[in-house]
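Each chain, written out:
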Amino acid sequence: MITLLDYGAGNVRSVRNAIRKLGFEVRDVERPDDILSAEKLIFPGVGNFGVVMERLQQKGYIEPLRQRIKENKPLLGICVALQALFEGSEEAPGVAGLGIIPGQIKRFSHPRLSVPQIGWNGLKIHKHSEIFSGYKGEKLYFVHSFYATITDENREWILATTDYGNEYISGVARGNVTAFQFHPEKSGVAGLNILHNFLKNGAEEDQPVSGLPLPDKKPTRIAKRIIACLDVRTNDAGDLVVTKGDQYDVREKGAVRNLSLPVELARRYYEEGADEITFLNITGFRDFPMQDQPMLEILKRTSENVFVPLTIGGGIREFTDSEGKSYSALDVASAYFRSGADKISIGSDAVYAAEQYRHDGRKTGKTSIEQISIVYGAQAVVISVDPRRVYVNSPDDTPRNTIKTKYPGPKGEAYCWYQCTVKGGREGRNIDVVELVQACAELGAGEILLNCIDKDGTNSGFDIELINHVRRAVSIPLIASSGAGSSAHFIEVFAETDVEAALAAGIFHRKEVPLAEVKNLMRKKGIETR
Ligand code: 1PR
């Protein structure tokens, strides 16, 4: 029996699912005493350091946690839970951590690296632990903006370190207490194996583990991610299907294209090695997700078998239902997180939020981006951008941000700007892609999913000009999307732009290009991959 400390932050469902998948039962901490009496305790954490500490405080969990650690009872901390073991964090100045490990949590601030770190990175292991039994050095999934600093005072705690700009602590252990910055429950088979070692054995350190390279001093490198995207909507028969459009038109001979069933397809991509899976409820702007329970159901069922990050978008906005009940965008996002999402993606509502922010010139704290980012952390908020090219003869012809293009417009126009759209490309707005992403990043978004209506479904390659235009504008991670037609297109986008990830839909759905082929070519070309 495994005990889970669910204090209402982030996606705990995945941890629960992973424990069950590994054949163990889970019960929740209901009272502070349960923390002390648990045989094995998992302390997960997603989101803001200050929010986590406040929730622990409110529930009376701080002292029992300290006591449990003092008594050397088995505990596995994940992500912010590792950070909570330290004295404090730049994320919440003045808020005390548990103070078990000397040292502070700092924000990544490397000029050439995007923050948050989102993706698959390696470990340098500093001491033996049973928890790494069977671990062969695979990359594991990290998502965080803050990191634990290495000092002389905390060296005895260091189990593993990772490099992202600088070297930081990615694993700590002493006796039966272990914590990781990465998410074992989201790190595929390698992560599940680490979790299994804890569930099975505990994590007593200093036990010799055969065959483990120790310590590996080569710097670790984050992988470029390959994301499979499932556009989901109800077809005319009322079934929720995976569809795929050409430049956002998903109908063929009048009917919605049906390419597969969402849960089954997501599982296939997990097994084939996708680094992440995204669901976009493409009619979410008109169907309200809290009433569209099938979408939540899809997420719940997918997260039972898929142990890589799941993003879901569509319909995240405030809403009043027919009975007059109001839901905030945060309520909608929370329902998605509780159902197994690691990140949510906002499309139309991000455009309205950015327009409002640019108009007011100040943050109100009320936009969907701000609300969700404050509670779940920037790393959980993706902005899905649906831009379309607008050609002009000269930058002077528009107040928008233009680029000189290698591909002139229909009348030979040498410049273009990218107009943002809402409602799945159905309505163009008076804001360009640079204005949008900058405003969203300032409001607290943690990642940009950059689609391109002109390229979507064309198999002609990513829009490199658009991607570089946006890359120059923001320093949060960027996912290139729309247009992938071959493995070579992924090589091109990673060689010619500085994106962290590339996403495709049609070629994977139609089995034209297997995910493994993309990864193999990346390896051959020396592009870091998982
Ligand atoms: O506005 O917050 O409700 O979110 C709706 C979401 O649905 C947005 O993220 C928007 O991008 C998406 N969406 C709306 N309509 C469509 C459509 O296709 N008719 N799909 C749509 C967007 C784009 C990508 C696609 C890539 C790769 N699809 O997700 O998967 O372009 O395709 P490819 O590799 O086949 O070229 P809200």
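Residues numbered from 1 in each chain as written. Predicted model: local features only at pLDDT ≥ 70, side-chain atom pairs only at ≥ 80, totals over all residues. Heavy atoms only, no water.

Next up on the list: the overall build of the chain. Counting its secondary structure elements, the chain contains 16 helices and 30 strands. The C-alpha radius of gyration computed for the chain amounts to 23 Å, which stays within 12% of the reference 24 Å derived for 530 residues, consistent with globular compactness. Overall, the chain is about 75 × 55 × 45 Å in size when its C-alpha atoms are taken along their principal axes. Nonlocal contacts in the chain, meaning residues at least 24 apart in sequence, comprise 71% of its contacts between residues at least 6 apart. When the accessible area of the chain is evaluated, it comes to approximately 20,400 Å², of which 46% is carbon and sulfur surface. Within the chain, the 69 negative side-chain charges are centred at a point lying 2 Å from the centre of the 66 positive side-chain charges. (Helix = DSSP H or I, 4+ residues; strand = E, 2+ residues; numbered from the N terminus. Rg over C-alpha atoms; globule rule 2.2 N^0.38 Å. Contact = heavy atoms within 4.5 Å. Areas by Shrake-Rupley, 256 points an atom, 1.4 Å probe, with all protein chains shown as cover. Lys, Arg positive; Asp, Glu negative; His and termini not counted. Charge placed at Lys NZ, Arg CZ, Asp CG, Glu CD.)

With that settled, consider the nonpolar core. Ranked by size, the top nonpolar core spans 165 residues in total, and within it Ile42 and Phe490 carry the most contacts. Ranked by residue count, the leading element in this core is helix H12 (residues 433-443), at seven residues. Not counting chain neighbours up to four residues away, the residues in contact with Phe490 comprise Ile226, Phe462, Ala484, Ala502, Ala504, Ile507, Phe508 and Val518. Listed in part, the nine residues of the second largest apolar core include Cys229, Ile479, Ala501 and Leu503. (Core = buried A, V, L, I, M, F, W, Y, C linked by side-chain atoms within 4.5 Å. Buried < 20%, exposed > 50% of the residue type's maximum accessible area, 1.4 Å probe, protein only.)

Now for helix H3 (residues 49-58). Helical periodicity: at 3.6 residues per turn, an α-helix aligns residues three or four positions apart in one direction. Among the residues of H3, Phe49, Gly50, Val51, Val52, Met53 and Leu56 are the ones counted as buried. Tucked inside the fold, the buried residues of H3 contact strand E3 (40-43), helix H4 (62-70), helix H5 (80-84), strand E5 (88-89) and helix H11 (368-376). With a side-chain oxygen lying 2.7 Å from the backbone nitrogen of Gly50, the N-terminal cap of H3 falls on Asn48. Gly60 occupies a position one or two residues after H3 and carries a positive phi of about 75°. (Polar contact = N/O pair within 3.5 Å; in protein donor to acceptor, adjacent residues only side chain to side chain.)

Here we come to helix H13 (residues 464-471). With seven of its eight residues buried, H13 lies for the most part within the structure. For H13, the full list of buried residues reads Ile464, Glu465, Leu466, Ile467, His469, Val470 and Arg471. Capping the start of H13, Asp463 holds a side-chain oxygen 3.2 Å from the backbone nitrogen of Glu465, two or three residues further along.

Where burial is concerned, most of strand E23 (residues 381-385) is hidden: five out of the five residues are buried. Here three bridges tie strand E22 (residues 343-346) to E23, and the two strands are oriented parallel to one another. Among the inter-strand pairings, Ile344 is bridged to a residue of E23, identified as Val381. Across four bridges, E23 lies against strand E28 (residues 447-450) in parallel orientation. When the sheet's bridge partners are listed, Ser384 is paired in E28 with Leu449. (Pairing = 2+ DSSP bridges.)

Turning next to the packing of aromatic side chains. With the rule as written, the count across this model stands at 16 aromatic pairs. Aromatic pair Phe142 and Phe182: ring centres 5.8 Å apart, planes at 65°, arrangement edge-to-face. Taken together, the positions of Phe142 in strand E9 (residues 140-144) and Phe182 in the loop between strand E13 (177-180) and helix H6 (188-201) put the pair 40 residues apart, joining distant regions of the chain. Take Phe142 and Phe182: they sit in the same class, and that class is buried. Taken together, the aromatic side chains of Phe108, Phe132, Tyr135, Phe142, Tyr147, Tyr164, Tyr168, Phe180 and Phe182 make up a single cluster linked through ring pairs. Of note, Lys325 hangs over the ring of Tyr327, and the distance from its end group to the ring centre comes to 4.8 Å. (Phe/Tyr/Trp six-rings, centres within 6.5 Å; stacked < 30°, edge-to-face > 60°. Lys NZ or Arg CZ within 6 Å of the ring centre and 35° of its normal.)

All right, on to the layout of surface pockets then. As a volume, the largest pocket reaches approximately 750 Å³. Considering the residues around the largest pocket, the lining is formed by 46 residues, among which Tyr248, Leu280, Ile282, Asp386 and Gly424 are closest to the centre. Where the lining of the largest pocket is concerned, the elements lending two or more residues are strand E14 (225-234), strand E18 (276-281), E22, helix H10 (348-360), strand E30 (501-504) and helix H15 (506-509). Partitioned by chemical class, the residues of the lining of the largest pocket number 14 nonpolar, 20 polar and twelve charged. Taken together, 23 residues make up the lining of the second largest pocket; nearest its centre are Arg112, Leu113, Ile222, Lys224 and Asp498. Classifying every residue of the lining of the second largest pocket by side-chain character gives ten nonpolar, five polar and eight charged. Structurally, the lining of the second largest pocket is a two-domain feature, drawing no fewer than three residues from each of domain 1 (2-216) and domain 2 (225-379 + 434-524). (1 Å grid on protein atoms, 1.4 Å probe; cavity = no way out; pocket = protein on both sides within 12 Å on 5 of 7 lines; lining within 4 Å. Points joined across faces, edges and corners; volume = space filled by probe spheres on them. Nonpolar A, V, L, I, M, F, W, Y, C, P; charged D, E, K, R; others polar. Domains from an automatic or database assignment.)

To continue, consider the side chain of Ser339. Along the chain, Ser339 turns up in the loop between helix H9 (329-338) and E22. Classification of Ser339 as buried rests on a relative accessible area of 3%. Here the side chain of Ser339 touches Ala335 through a polar contact of 2.8 Å, landing on its backbone oxygen. When near neighbours in sequence (up to four residues on either side) are disregarded, Ser339 contacts Arg13, Leu296, Leu299, Lys300 and Ser303.

Take the domain arrangement of the chain next. Annotation of the chain at the domain level lists domain 1 (2-216) and domain 2 (225-379 + 434-524). The gap between the C-alpha centroids of domain 1 and domain 2 is 28 Å. Of the residues lining the interface, 26 residues belong to domain 1; the matching set on domain 2 comes to 33 residues. When domain 1 packs against domain 2, the two sides together hide about 2,200 Å² of surface, and 54% of this comes from carbon and sulfur. Summed over the three residues of domain 1 that lose the most area to domain 2, namely Arg13, Ile118 and Lys186, the buried surface amounts to 26% of that side. On the surface where domain 1 and domain 2 come into contact, there are one salt bridge. A salt bridge links Asp342 to Lys186; the shortest N-O distance between them is 2.9 Å. In this structure, the connection of domain 1 to domain 2 is made through eleven residue pairs in polar contact (both at pLDDT 80 or more). The dominant element in the side of domain 1 that touches domain 2, judged by the number of residues it contributes, is helix H1 (residues 13-21), at five residues. (Buried area = accessible area lost by both parts, 1.4 Å probe. Salt bridge = Lys/Arg side-chain N within 4 Å of Asp/Glu carboxyl O.)

A cis amide bond links Val115 with the next residue in sequence, Pro116, at an omega value of 0°. Inspection of the secondary structure assignment puts Pro116 in the loop between strand E6 (104-107) and strand E7 (117-121). Even without being a glycine, Lys511 presents a positive backbone phi close to 55°. Classification of Lys511 by relative accessible area gives exposed; the value is 59%.

Neighbouring residues of the ligand: 27 residues in total, closest Lys244, Ser348, Ser384, Asp386 and Asp456. The separation between an oxygen atom of the ligand and a polar side-chain atom of Asn451 is 3.4 Å. Measuring from an oxygen atom of the ligand, one finds a backbone N or O atom of Gly483 at 2.9 Å. In the complex, the protein chains occlude 99% of the 770 Å² of accessible area that the ligand would expose alone. Cavity membership is defined here by more than half of the atoms lying within 2 Å of grid points; on that basis the ligand lies in the largest pocket. (Near = heavy atom within 4 Å. Sits in = over half its atoms within 2 Å of the grid points.)

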